[in-house]
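Examining the three-dimensional arrangement
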Amino acid sequence: MARVPDGLNLDNYWMPFTGNREFRSNPRFIARAEGVHFTDADGRRILDGLSGLWCCGAGHGRPEIADAIARQARELDYAPAFQMGHPLEFEAAARLVAHAPHGFSHAFFCNSGSEAADSALKIALAYHRARGEGARQRLIGRERGYHGVNFGGMSVGGIPGNRKAFGQQVAGVDHLSSTHDLEHNAFSRGEPQWGAHLADELERRIIPLHDAANIAAVIVEPFAGSAGVLLPPRGYLARLREICDRNGILLIFDEVISGFGRLGYAFAAERFGVMPDMITCAKGLTNGAVPMGAVIVREGIYETVVNAAPAESVEFPHGYTYSGHPLAAAAAIAAIGVYEREGLYERARELEPHFEGAVHALRGKPNVIDIRNLGLVAAVELAPRPGAPGVRAKEVFLKCYERNLMVRFTGETIAVSPPLVIERNEIDTLFDILGEVIADVA
Ligand code: PLP
């Protein structure tokens, strides 16, 4: 069993999305991180196969980001977020909008992906109301979608285990079907070929049920990360865009995971050539170094909401004490600088074929029923152990950790998405360990 740091009291912390009892029986403590490695409390170096939790694309311990945060903490630790400004939040918004695809104009800051999702849903409602279409209140998500844990995001989300304990959800929500289908798409390389027609469900099933004039927005992840790397069928997102356009419905891409280089571009919207009306992001926005989320809106949305309100009013009564926090703004500017200066998205595109080859080399290992990949993201799906769903993938996660590799498990799936600075030989090491472990837990 791994060491608990000397004198550390484990009695009081309630860990998030964690088997608290399992953790205490088998603690895993991270002490430091640098580049693509963590060091645990025992001094073991562990290869980070998931960029922390999909956040640290530029690798850990970047001095440019650490210095920017430290400088800012000394200069201005906090300024009131409401009715007051500080220069760095405006600079961070300008950098983020310039980093986003063409046609986006404003960024609204919050502190997490969950808050970004809920903020985007509220912007959608406020936008329609400002245009005199206040009846547009329904929100459409997708089965197996993940938009964080706040009530809005949870309701449009579609992961059963995240919802069922929490009673009433936000009303007026409906869901598209999941696009994940192993019968048609198992072992796809890149975007699956089958399934673009699943977008038509919006027009065939959901719009007739509610009437387009009552629907505010559709929110989807360009690829679903948290539910186990579910990739969009080729053409699916473009079709969703067309249907939303025909029906006056806003399209929100939740890019909390897919943003900042996971797919080799600043945002997945660019890779797929499909422009949503809003992009939510977080995680990589600061390279994970300080909590920060954002909603980036297309030209016209800010003006519509703001200009519809009386001149002296608070036009959009929504925000957080820490919106645009000075330390987060400093970290975001520094992180975007690193991504741009070092060409990390191009690097991810260059690594993609090697990464794809390495993960698909695991085909044929025991119980592997699917392998899928796009950009620097991959998943290996395992057959459930009879009578014990989810246990096999969890065992793989725990054994990988024992062998100095951090991956993530979700249901029956192992997800991998290393920092964009990983080297080819480290990619090989990652998948060698994963392959050996999958064989061992068979
Ligand atoms: N949206 C998506 C697509 C995510 O993947 C996540 C987290 O993984 C969230 C929202 C929630 O982000 P946070 O945990 O920062 O609230």
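Here the residue numbering is sequential within each chain, running from 1 through the sequence in written order. Local features in a predicted model are, by the rule used here, given only for residues with pLDDT of at least 70; side-chain atom pairs are given and counted only at 80 or more, and totals for whole chains, interfaces and linings are based on all residues.

**Some details on the pairing of strand 15 (residues 413–416)**
- Burial along strand 15 is two-sided: Thr 413 and Ala 415 facing one way and Ile 414 and Val 416 facing the other are all buried.
- Two strands qualify as a pair provided that DSSP identifies no fewer than 2 bridges between them. Every helix listed is a DSSP run of H or I at least four residues long, and every strand listed is a run of E at least two residues long, numbered separately from the N terminus. Two successive antiparallel strands, strand 14 (residues 408–410) and strand 15, enclose a turn made up of 2 residues, where Gly 411 displays a positive phi of approximately 55°. Our exposure labels follow a C-beta count within 10 Å of each residue's own C-beta, placed from the backbone: buried means 20 or more other C-beta atoms, exposed means 12 or fewer, and partly exposed covers the counts in between.

**Describing the sheet that holds strand 7 (residues 215–220)**
- The mixed open sheet is built from 7 strands, whose spatial order is 4-10-9-8-7-5-6. Here the strands that pair on one side only, and so sit at the sheet edges, are strand 4 (104–110) and strand 6 (173–176). Pairwise comparison of adjacent strand axes, ignoring direction, gives a mean angle of 20° for this sheet.
- Two residues qualify as being in contact provided that their C-beta atoms, derived from the backbone, are within 7 Å of each other. Lines fitted to C-alpha atoms define the axes, with helix axes restricted to the stretch in contact, and inter-axis angles between N-to-C directions lie between 0 and 180 degrees. Most of the contacts of helix 9 (residues 201–210) go to strand 6, to which it runs at about 165°, and overall it touches strand 5 (138–142), strand 6 and strand 7.
- Its contacts with the sheet place helix 10 (residues 236–246) against strand 7 and strand 8 (250–254), and it is angled at close to 150° to strand 8.

**Regarding the site of the ligand**
- Residues are counted as near a molecule or strand when the C-beta atom, derived from backbone positions, lies within 6 Å of that molecule or strand. Around the ligand, the structure places 14 residues, and the nearest of them are Ser 112, Gly 113, Ser 114, Gly 148 and Val 256.
- Looking at the shell around the ligand, the element that brings in the most residues is helix 5 (residues 113–130), giving 3 residues.
- In this classification, Asp, Glu, Lys and Arg are treated as charged, Ala, Val, Leu, Ile, Met, Phe, Trp, Tyr, Cys and Pro as nonpolar, and every other residue, Gly included, as polar. When its residues are assigned to classes, the shell around the ligand shows 5 nonpolar, 7 polar and 2 charged.

**Considering the domain arrangement of the protein**
- Domain assignment breaks the protein into domain 1 (20–58 + 344–440) and domain 2 (79–341).
- Note that domain bounds follow an automatic or database assignment of domains. Spacing between the C-alpha centres of domain 1 and domain 2 amounts to 27 Å.
- Facing the 32 residues of domain 1 at the interface are 29 residues of domain 2.
- When residues of the side of domain 1 that touches domain 2 are traced back to their parent elements, those giving at least two are helix 2 (51–54), helix 14 (344–360), strand 11 (368–374), strand 12 (377–382) and strand 15.
- Looking at the side of domain 1 that touches domain 2, the element that brings in the most residues is helix 14, giving 7 residues.
- Looking at side-chain class alone, the side of domain 1 that touches domain 2 contains 16 nonpolar, 9 polar and 7 charged residues.

**Section: the packing of helix 3 (residues 63–75) against helix 13 (residues 326–341)**
- One can describe the packing of helix 3 onto helix 13 by two numbers: an axis separation of 8 Å at closest approach and a directional angle of 155°. If you check the angle between helix 3 and helix 13, you find them roughly antiparallel. Pair helix 3 / helix 13 crosses with right-handed handedness. Residues Glu 64, Ile 65, Ala 68, Ile 69, Gln 72 and Ala 73 of helix 3 pack against Pro 326, Leu 327, Ala 330, Ala 331, Ile 333, Ala 334, Ala 335, Gly 337 and Val 338 of helix 13. Here roughly perpendicular refers to angles of 65 to 115 degrees, roughly parallel to angles under 35, roughly antiparallel to angles over 145, and oblique to all remaining angles. Note on convention: near helix rotated counterclockwise from far helix by under a right angle means a left-handed crossing. Clockwise means right-handed.

**Some words on the sheet that holds strand 13 (residues 405–406)**
- Spatially, 1-2-3-13 is the arrangement adopted by the 4 strands of the open sheet, whose pairing is mixed. The strands lining the two open edges of the sheet, one partner per strand, are strand 1 (30–34) and strand 13.
- Relative to strand 2 (residues 37–40), strand 1 is paired through 4 bridges, and the arrangement is antiparallel. Looking at strand 2, one finds that Ile 30 is bridged to Asp 40.

**Some words on the pairing of strand 2**
- Between strand 1 and the antiparallel strand that follows it, strand 2, lie 2 residues; Gly 35 among them carries a positive phi value of about 60°.
- Pairing geometry for strand 2 and strand 3 (residues 45–48), over 3 bridges, is antiparallel. In the strand pairing of strand 3, Thr 39 is matched with Arg 45.
- Connecting strand 2 to the next strand, strand 3, in antiparallel fashion are 4 residues, including Gly 43 with a positive phi near 85°.

**Observations concerning the nonpolar core**
- Buried Ala, Val, Leu, Ile, Met, Phe, Trp, Tyr and Cys residues form a nonpolar core when they are connected through C-beta atoms within 7 Å. With 132 residues, the main nonpolar core has Val 218, Ala 294, Ile 296, Ala 331 and Ala 332 as its most contacted residues.
- In terms of residue count, the dominant contributor to this core is helix 13 (11 residues).
- When residues of this core are assigned to domains, at least three fall in each of domain 1 (20–58 + 344–440) and domain 2 (79–341).
- Dropping the residues within four chain positions of it, Ala 294 is found in contact with Leu 96, Ala 107, Phe 108, Phe 109, Cys 110, Ala 116, Cys 281 and Leu 285.

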